[in-house]
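# Examination of the molecular architecture
The primary structure of each chain is shown beneath.
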Amino acid sequence: MSPDSGWEELFYWVLFGTLKHQQQLPKTSLYVNCRATTMTSLRLLPLLQSLLLIQVHLSNQLEDNKIPPSLCTGHPGIPGSPGAHGSPGQPGRDGRDGRDAAPGEKGQKGDMGYPGETGVRGLTGDRGDPGEKGERGQSGECAVAPKSAFSVKLSEGLTSPITVGNVVRFDKVVLNEQGDYNAETGRFTCKVPGVYYFAVHATVYRASLQFDLMKNAHTVASYFQFYGNWPKPASLSGGSLLHLIPGDQVWVQMALSEYNGFYSSTKTDSTFTGFLVYSDWKNSAVFA
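Keep in mind the model is a prediction, meaning the values are calculated, not measured.

What counts, and at which threshold
- Residues numbered from 1 in each chain as written.
- Predicted model: local features only at pLDDT ≥ 70, side-chain atom pairs only at ≥ 80, totals over all residues.
- Heavy atoms only, no water.
- Salt bridge = Lys/Arg side-chain N within 4 Å of Asp/Glu carboxyl O.
- Helix = DSSP H or I, 4+ residues; strand = E, 2+ residues; numbered from the N terminus.
- Buried < 20%, exposed > 50% of the residue type's maximum accessible area, 1.4 Å probe, protein only.
- pLDDT = per-residue confidence, 0-100.
- Contact = heavy atoms within 4.5 Å.
- Phe/Tyr/Trp six-rings, centres within 6.5 Å; stacked < 30°, edge-to-face > 60°.
- Patch = residues over 30% accessible without salt bridge, like charges linked within 9 Å, V, L, I, M, F, W, Y side chains within 5 Å.
- Areas by Shrake-Rupley, 256 points an atom, 1.4 Å probe, with all protein chains shown as cover.
- Core = buried A, V, L, I, M, F, W, Y, C linked by side-chain atoms within 4.5 Å.

## Considerations on the pattern of salt bridges
Pairing of side chains with opposite charge becomes possible as their charged atoms draw close. For the coordinates displayed, the defined rule picks out 2 salt bridges. When the shortest N-O distance is used, the salt bridge between K153 and D269 registers 3.8 Å. On the criterion of sequence distance, the pair formed by K153 in strand 2 (residues 149-153) and D269 in the loop between strand 10 (260-263) and strand 11 (271-279) is long-range, its members being 116 residues apart. According to the relative accessible area criterion, K153 is buried, its value standing at 17%.

Below, the structure is given as structure tokens:
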């Protein structure tokens, strides 16, 4: 191959690359055009060498998109359509903390909140130390239990009551320390509230006997003993527990006029007895 042929091929390929880049012609057309041009321009080879150097320089600028402004002679192109939205970028880093500002003014006091729920009860604490011994108090009055008791009987030869509703007056006092029994009326009057026991023992002679134990004009118990003209006296006894309050009265009363066989002598008696079993006072002892 001659030097001219080498330059010819080189010139052909340079010119072919230039035309393809600038005119965007099909490959076949470019090849034909370049071959014809080469054949007619071999005589201008030195000039073409200079043009080749200029073409290489311009091609590098086109590839780098750095065409000098002096070479741009055309009008500005139509603005392209907006591109599609890109994907969201990564979150940015937290900014630096700002400087502390000066304290603000004190706000107004808020409304009182609702009471909270009661908490769980805590554990019992340890026992504290014993306190100091106090001074001795003054001596109090002596306390004694409340008392109420009596025992009375009929006198010998006392005429028995014969009228229905009459109180049997046991006129001979055996015991009456508190004075709760009245021998003149034959009635017991309560002073200490509580439960009392009352008992009546009668000697029955010459007639049958029936009597009642009364509380405030109400019969609480009745007793009867038949007498059959026996040569010796018979006996009749009975008792009852009663709850009394101050002012209540208890006595023995005849039930029937024909049954009035109360009897008393030096050898036998008819008695009426009563006493306090226990008191209703909150304090079982009272001050005497």
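The discussion continues.
## Observations regarding the confidence of the model for the protein
Residues at a pLDDT of 70 or more form 70% of the protein, whose mean pLDDT is 78. Per-residue pLDDT stays below 50 along residues 27-32; that stretch engages in 7 contacts with residues further than four places along the chain or on separate chains.

## As for the packing of aromatic side chains
Between two aromatic rings, the relevant description is the distance of the centres plus the angle of the planes. Overall, the coordinates contain 19 aromatic pairs when judged by the stated rule. An angle of 50 degrees between the planes, with centres 6.3 Å apart, marks the rings of F150 and F198 as tilted. Within this pair, whereas F150 is found in strand 2, its partner F198 is found in strand 6 (residues 194-215), the two being separated by 48 residues in sequence. The pair formed by F150 and F198 is uniform in burial state, with each residue classed as buried. Their ring planes at 75 degrees and their centres at 5.2 Å tell us that F150 and F272 sit as a pair that is edge-to-face. Residue F150 is located in strand 2, and its partner F272 is located in strand 11; the two are separated by 122 residues in the primary sequence. Neither F150 nor F272 differs from the other in exposure class; each is buried. Through pairs of rings, three or more aromatic residues link up here, namely F150, F170, Y181, F188, Y196, F198, F211, Y223, F262 and F272.

## Quick notes on the environment of L241
Along the chain, the position of L241 falls in strand 8 (residues 234-244). For L241, a relative accessible area of 53% puts it in the exposed group. As a C-alpha pair, L241 and Y197 span 44 residues in sequence and 4.4 Å in three-dimensional space. Contact partners of L241, with chain neighbours within four places excluded, come to V195, Y196, Y197 and V277.

## Points about a nonpolar patch on the surface
A grouping of Y197, L241, F275, V277 and Y278 is seen on the molecular surface, where their side chains present a nonpolar patch of about 480 Å² in accessible area. When residues in the nonpolar patch are grouped by element, the largest group, 3 residues, is from strand 11. Inspection of the secondary structure puts Y197 in strand 6.

## Observations regarding the nonpolar core
One finds F170, F188, F198, F211, V252, F262 and F272 to be the most contacted residues of the largest nonpolar core, which totals 30 residues. Those elements giving two or more residues to this core turn out to be strand 2, strand 6, strand 7 (218-225), strand 8, strand 9 (249-254) and strand 11. The leading source of residues in this core is strand 6, at 8 residues. Setting aside its immediate chain neighbours within four residues, F211 contacts V200, A202, A221, S222, Y223, L236, V252, Q253, A255 and F262.

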